[in-house]
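Each chain, letter by letter, is given below.
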Amino acid sequence: MSALTPPTDMPTPTTDKITQAAMETIYLCKFRVSMDGEWLCLRELDDISLTPDPEPTHEDPNYLMANERMNLMNMAKLSIKGLIESALNLGRTLDSDYAPLQQFFVVMEHCLKHGLKAKKTFLGQNKSFWGPLELVEKLVPEAAEITASVKDLPGLKTPVGRGRAWLRLALMQKKLSEYMKALINKKELLSEFYEPNALMMEEEGAIIAGLLVGLNVIDANFCMKGEDLDSQVGVIDFSMYLKDGNSSKGSEGDGQITAILDQKNYVEELNSATVNNLQAKVDALEKSNTKLTEELAVANNRIITLQEEMERVKEESSYILESNRKGPKQDRTSEGQALSEARKHLKEETQLRLDVEKELELQISMRQEMELAMKMLEKDVCEKQDALVSLRQQLDDLRALKHELAFKLQSSDLGVKQKSELNSRLEEKTNQMAATIKQLEQSEKDLVKQAKTLNSAANKLIPKHH
């Protein structure tokens, strides 16, 4: 066994048994792990031979790309099949927390990233599958709504997050297969974003697009306003697709498969720890390199200054020695004193220069801080001016509203006065009509009395005639 293999008490499996066990599990032997973080799969286990005559290692890039395409297609098949089966068994609408659905999006993201060309920006090289997805709205007009919705989402700041949101909205619309087919059929447009041997440019991309048709039976609902799609890490969880083997083969076959899976997990953990350690070392070395560069620049400046001072002192010393040789011997004592005074004066000047340089650095730092403070103050003043303009606008609106309300109030007061006068007139007319009605009632009563009197008189006259 290899040194990377964890210790185990299981018996050493034979080649035929290992081959049979491997045929019942997922084909993972060609997956690899790259250091740039865009491909996360497994290396081939060197200590396991699945065939009697192992094939030689291929370093051809075309062979590696073909191998990656085949592995991604197999993973897509497993992911789509598992998602459909689990969703039908679940019998409800799927959300973003459903694990098989999350793994499906991770696999799709790896498929879309395969063979992407790196585009150079001012921040460095950038690989994003959002560019190809933006082309779909030109090919299928129905996709324009999805693209506009993705661009309007406030929480998305990176092209990767927009691409992930686009995939989720397309699945909700049940048009993901249609969009992928339309995109794959336009190889001349995809060639701008993908390498010639990328998955989207080869037959495997068309196969995956055909498999996506089965997802139209799934109902999904996502709420992406509060979901952080920019910083998610797309890692394929192979444990969801691993099979335990046929139980009829007995405990010996199960133990052999368990040993193989233990070896795979151990290699995964070892690779992950190695990558993390290397990344930490790289970060520490970058910080140390930056610090050493700064210290080296300061030391070089100091060395140049000291060399200039040394040259100047040598010139002065040579001049004084030459004058001592040419002058009388009795003047050497006075010139020696002058030399010592000159050296003392040179030290004082050097110290004064260092102090002035420190003061200058301090003034420069203070000036930079003042400039920063001035910029912040200017920004604050601009914000306050904008707020003042908006407040003035609100004040003008309030004044106009006040004038309008005052005019309406005056109009309403005038209307109230007119209505009160009209009411008083109506009350007077009502009183007059009431008095007239009383008079009419009184006259009616008088007429009734007169009629009764006349009737009684007529009744008295009638018998007399008879």
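Position numbers for residues count from 1 along each chain, tracking the sequence in the order it is written. Reporting of local features is limited, given that this is a predicted model, to residues whose pLDDT is at least 70; pairs of side-chain atoms are given and counted only at 80 or more, and all residues count toward the totals for whole chains, interfaces and linings. Hydrogens and water are ignored here; the side-chain numbers use all heavy atoms of the structure.

A. Spotlight on the pattern of salt bridges. Between Lys or Arg on one side and Asp or Glu on the other, a salt bridge is scored when a side-chain nitrogen of the former is within 4 Å of a carboxyl oxygen of the latter. A full pass over the atoms with the stated rule returns 10 salt bridges. Measuring nitrogen to oxygen at the nearest pair gives 3.3 Å for the salt bridge that ties Glu204 to Arg69. With Glu204 in helix α10 (residues 203-211) and Arg69 in helix α2 (residues 61-90), this pair connects stretches of sequence that are 135 residues apart. Whether a residue is buried, partly exposed or exposed follows from its accessible area with a 1.4 Å probe, protein chains only, as a fraction of its type maximum: under 20%, in between, or over 50%, in that order. Of the residues examined, Glu204 reaches a relative accessible area of 12% and is grouped as buried. The buried category is assigned to Arg69, whose relative accessible area is 10%. Among the charged side chains, a network of salt bridges with common partners joins Glu109, Lys113 and Arg164. Working definition: helices are DSSP H or I runs of at least four residues, strands are E runs of at least two. Numbering for both runs from the N terminus.

B. Molecular detail of helix α6 (residues 144-152). Every buried residue of α6 is listed here: Ile146, Thr147 and Val150. One face of α6 carries all of its buried residues, which in axial projection span an arc of 95°. In this structure, α6 carries Glu145 and Asp152 as exposed residues pointing more than 90 degrees from its buried face. Structurally, α6 contributes buried residues whose contacts are with α4 (130-134), α5 (136-139), α7 (159-173) and α8 (176-184). To obtain the arc, one takes the directions from the helix axis to the C-beta atoms. Should any heavy atoms of two residues lie within 4.5 Å, those residues are considered in contact.

C. Just the environment of Ser317, in detail. Note on placement: Ser317 falls in helix α11 (residues 250-326). Its relative accessible area of 19% is what places Ser317 among the buried residues.

D. Quick look at α7. What a helix is expected to span follows from its residue count: subtract one and scale by 1.5 Å. Taking 1.5 Å per residue, 15 residues should reach 21 Å; α7 reaches 21 Å between its end C-alpha atoms and fits that length. Taken across its 15 residues, α7 has 11 buried, putting it largely inside the fold. The complete set of buried residues in α7 reads Val160, Gly161, Gly163, Arg164, Ala165, Trp166, Leu167, Arg168, Leu169, Ala170 and Leu171. Next to the buried residues of α7 lie α3 (99-113), α4, α5, α6 and α8. Immediately beyond the C-terminal end of α7, within one or two residues, lies Lys174, with a positive phi of roughly 60°.

E. Summary view of the environment of Phe105. Mapping Phe105 onto the fold places it in helix α3. Distance in space between the C-alpha atoms of Phe105 and Leu167 is 7.5 Å, their sequence separation being 62 residues.

F. Just unusual backbone geometry, in detail. Here Lys174, not a glycine, exhibits a phi torsion of approximately 60°, which is positive. Relative to the helices and strands, Lys174 is located in the loop between α7 and α8. Lys174 gets classed as partly exposed once you look at its relative accessible area, which sits at 32%.

G. Highlighting the side chain of Arg168. Mapped onto the elements of the fold, Arg168 is located in helix α7. In this structure Arg168 comes out as buried when scored by relative accessible area, which is 7%. Look past the residues within four positions of Arg168 in its chain and what remains in contact with it is Phe105, Phe222, Met224, Glu227, Leu229 and Gln232.

H. The packing of α2 against α3, seen in detail. An axis is simply a line fitted to the C-alpha atoms; with a helix, the fit covers only the stretch in contact. Between two such axes, the angle follows the N-to-C directions and lies from 0 to 180 degrees. In the contact formed by α2 and α3, the axes pass within 9 Å of each other and the chain directions differ by 155°. Relative to α3, the element α2 is oriented roughly antiparallel. Along this stretch, α2 crosses α3, giving a crossing that reads as left-handed. Across the interface between the two elements, Leu72, Met75, Ala76, Ser79, Ile80, Leu83 and Ser86 from α2 touch Pro100, Leu101, Gln103, Phe104, Val107, His110 and Cys111 from α3. Roughly parallel refers to an angle under 35 degrees, roughly antiparallel to one over 145, roughly perpendicular to one between 65 and 115, and oblique to any angle outside these ranges. Two helices crossing with the near one rotated counterclockwise from the far one by less than a right angle form a left-handed crossing, whereas a clockwise rotation gives a right-handed crossing.

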